[in-house]
Structures are given as structure tokens and as C-alpha cells.
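Each chain, letter by letter, is given below.
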Amino acid sequence: MTFQIDNTDQNARACTIKTAHSTIQTPIFMPVGTVGSVKSLDAKDMIEILGAEIILGNTYHLYLRPGDKTIKHFGGLHGFTKYPKSFLTDSGGFQAFSLSSNSKPDLNGIKFKSHIDGSMHYFTPKSVLDIGYNLNSDIMMILDDLVALPATRERIELSIQRTTAWAKEAIKYHVSQKEKGIGVHQNIFAIIQGGTDKEFRKISADELCSLEDYDGYAIGGLSVGESNNLMYDTVEFTTPLMPKDKPRYLMGVGTPEDLVENVERGVDMFDCVMPTRNARNGTLFTSFGKINIKSARYKLDIEPIDKECDCFTCKNYSRGYLNHLFRARELTYFRLASLHNLHYYLNLMKQMREAILLNKFKEFKKEFYAKRGV
């Protein structure tokens, strides 16, 4: 992977990441393809309509079904899904933490119960990477110990200790595997933990960022119960502790406002299920805020979702038609709504990148909020 900074506007960064499968211009939003597919969309939608250069796959889900060895049989995620661009796969730790009531981290990894059949499994720093090698993802996240907020200082400190120990084990293993010709073109990111406690964030960042063989670093453990202002303050404190010459990834965030605020604070990469999940539930993002398409007020509306949007859906269909599709529970609705919301997110990132390149991010942010009446 190569990484270069194209321009900075105060703390906001416009960068270029090149992997074995695509060139990614940041700031970037990664659509979430939980089980090898962005819900209701296929590879052609992602490439030809949305122009997405990278999507996220969930290690936990893909490991359980269809299984990482099955995906390897098809040539990894690229061969299995026919999406030829970049994949980032998470560590699986968040899903083990959030989906199972019988998830228990210990010194060596995370034991969890499958939400599918109740079978027991154990993720370790090495096993998560082995799954990533089979998936052949371009960027692999290491196993970390995620803590729900609020949490005690003792629990956060334990999370940092485990995450650091696992990071050291993971990078040592990855380097040894590359020497054997395994995962040579795959990249590995460490995950900074620490809750919203600045002392713990500094400890975690200092320990992980000293492991120089990592290709990038993520901020994890946010958007898990804390307020937006606490999240923003934590990111603002943490990004200066991260290397300037490597990508910075904020995991699992978030709303359009979250993206703008955290790009301003120096983050390069984002992912979240929000655009597709909200689309399926009737909430559509626009340049002037959100609308609920199931509302009766849109039944006879001949306008597109957003007059300023040039997505496939807005160029071809009316609010009235989408209102009908949603109310009829027609499957076509899920595709058209998801295409719109993801286009909105991806286009928002392009607009921010252009503003950064022109040193006009402050003006962009002011206009962004003005359209929302904020």
C-alpha cells in the first residue's frame, strides 16, 4: 500500500491510498458489505453506478457463513463477490461483542457463541489474520478488546492492555507470514482504544503507534453510547497522536454531520451501516437534511428525493414513486433508496476532498450546516 497527503486545510486532509486493487482518494466512506454484499446492491451497482473504490466486509459474519475457507476456494472476496476494487475487513471483535450475550474476552482472545447456530468459537490475534488471508482483503483490522461506554477505568485499562498485547502478537505474526509469501499484498491496521478518557487514549496511541510495521491506524471504541461532543473531543485529542504519514480510520461512524466534524479533525476513512440501514427503514439523506419517505405528504410529490442530487434514483424517479414502493414493501425500493443514500455519502466525501484541496473546508462546512438550517 502506498499513501500520500495531497493537501491539508488546517487538520483536514486529502490523501491518496493505493492498494493492490484500487486507488482510494480520501476522505473516504466505505459502504458496509456485511456478508459479502452491500444490502440490496451487487458489484455492478457498486462499480458502475456508485463508483465505490473500497467496501467493508465483516470478518465475524463471513467466518461463520459461508466460511473463510469457502471464500478462499473462490479466489478470496474479489473472486467470490466479483467486486474487483478494495476490501477492508474488520477484526470481528465488534460483532462478537455486540451480537452475542455469551461473548467473553480473556488474555488470549475472544470466545463467543454463533448467533446462527449457537456453536462456540474463539478469535485470537493470529486466527483473525488467518481468516483475513483467506478472504484476501486489502486491509485487515487486528483483533481488539472493545468496551461499551460508559465503562469503569479498570475495564478501559484492561481493554488497552489486551489490545496492545494482541497488536504486538498480530504484527509479529503478519511479518512472519509475509516472509513465507502469505498476505504479501495485504495491509494491517491497529486499533486505538481508551474510551473517552484522554489519558487512556494517549497510552493506547503511544503504545500502538510505536509499532511501525503497521500500515495504518484506527480509532475504535467510539459511537458506542457516548455523546457526539464527547466523540468529537476524543477524536480531536487522538488524531495528533497518530502518524501523519499513514491513514487514519474512525470505525463505525456515522451521520453526515459526524463525517464533516471528524474530517475537520483529521480523519481519512469511515464506515457505517447508517446509509443503507436508514434507507431500508424509509429515511433518506439530502443536502438539506433527512426526509422520511413513507410520510403521506410525499404520495403525490413529483420531485426527486433531492433536487441537488444527480444519483441514479434522483435522475429517474420521484418521491411519490418511492413512497409507493416503500408502502407496498416492494423490493425495488431497497435498491433505489440504498443507491441514493450511498451516493449522498460518497458525494459528500468528494465535496469535502475538493474543499480541502482548494483550502476552503471552513467555507464548505459553513454551507453544509446552512442548508440544514443550523
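Residues numbered from 1 in each chain as written. Predicted model: local features only at pLDDT ≥ 70, side-chain atom pairs only at ≥ 80, totals over all residues. Heavy atoms only, no water.

A. Structural context of the environment of Asn278. Looking at the element boundaries, Asn278 is found in helix H11 (residues 274-280). Linking Asn278 and Ser338, residues 60 residues apart in sequence, is a C-alpha distance of 8.5 Å. Asn278 has contacts with Thr283, Phe285 and Asn341, leaving out every residue within four places of it along the chain. (Helix = DSSP H or I, 4+ residues; strand = E, 2+ residues; numbered from the N terminus. Contact = heavy atoms within 4.5 Å.)

B. Layout of helix H15 (residues 361-371). Along H15, the residues classified as buried are Phe361, Phe364, Lys365, Phe368 and Tyr369. Seen end-on, H15 carries its buried residues on one side only, within an arc spanning 125 degrees. Facing away from the buried side of H15 by more than 90 degrees, the exposed set consists of Lys362, Lys366 and Ala370. Buried positions along H15 lie against strand E1 (2-9), strand E2 (12-18), helix H10 (256-264) and helix H14 (331-357). (Buried < 20%, exposed > 50% of the residue type's maximum accessible area, 1.4 Å probe, protein only. Arc of directions from axis to C-beta.)

C. Spatial organisation of the sheet that holds E2. With antiparallel pairing, the three strands of this open sheet are ordered in space as E1-E2-E3. Only two strands of the sheet have a single neighbouring strand rather than two, namely E1 and strand E3 (23-25). Pairwise comparison of adjacent strand axes, ignoring direction, gives a mean angle of 10 degrees for this sheet. Of the pairings in the sheet, the one linking E1 to E2 comprises seven bridges and is antiparallel in character. The residue bridging Gln4 from the neighbouring strand is Thr16, located in E2. (Pairing = 2+ DSSP bridges. Axes fitted to C-alpha atoms, helices over the stretch in contact; angles between N-to-C directions.)

D. Looking closely at the side chain of Arg372. Considering the arrangement of structural elements, one finds Arg372 in the segment after H15. For Arg372, a relative accessible area of 16% puts it in the buried group. Discounting chain neighbours no more than four positions away, the residues touching Arg372 are Pro256, Glu257, Thr286, Ser287, Phe288, Gly289 and Tyr344.

E. Quick look at helix H7 (residues 153-179). Taking 1.5 Å per residue, 27 residues should reach 39 Å; H7 reaches 39 Å between its end C-alpha atoms and fits that length. Count one or two residues on from H7 and you reach Gly181, which has phi positive near 85 degrees. (Expected span 1.5 Å × (residues − 1).)

F. Just the packing of aromatic side chains, in detail. Scanning the model with the defined rule gives 17 aromatic pairs in all. Geometrically, the ring pair formed by Phe285 and Tyr345 is edge-to-face, given 5.3 Å between the ring centres and 75 degrees between the ring planes. Note that Phe285 is positioned in strand E16 (residues 283-286) and Tyr345 in helix H14, a separation of 60 residues in sequence. Summarising the burial analysis for this pair, Phe285 and Tyr345 share the class buried. What links up through ring pairs into an aromatic cluster is the set Phe29, Phe285, Tyr344 and Tyr345. It is Arg329 that lies over the ring of Phe326; its NZ or CZ is 4.7 Å from the centre. (Phe/Tyr/Trp six-rings, centres within 6.5 Å; stacked < 30°, edge-to-face > 60°. Lys NZ or Arg CZ within 6 Å of the ring centre and 35° of its normal.)

As far as function goes, none of this settles anything; it's purely spatial.
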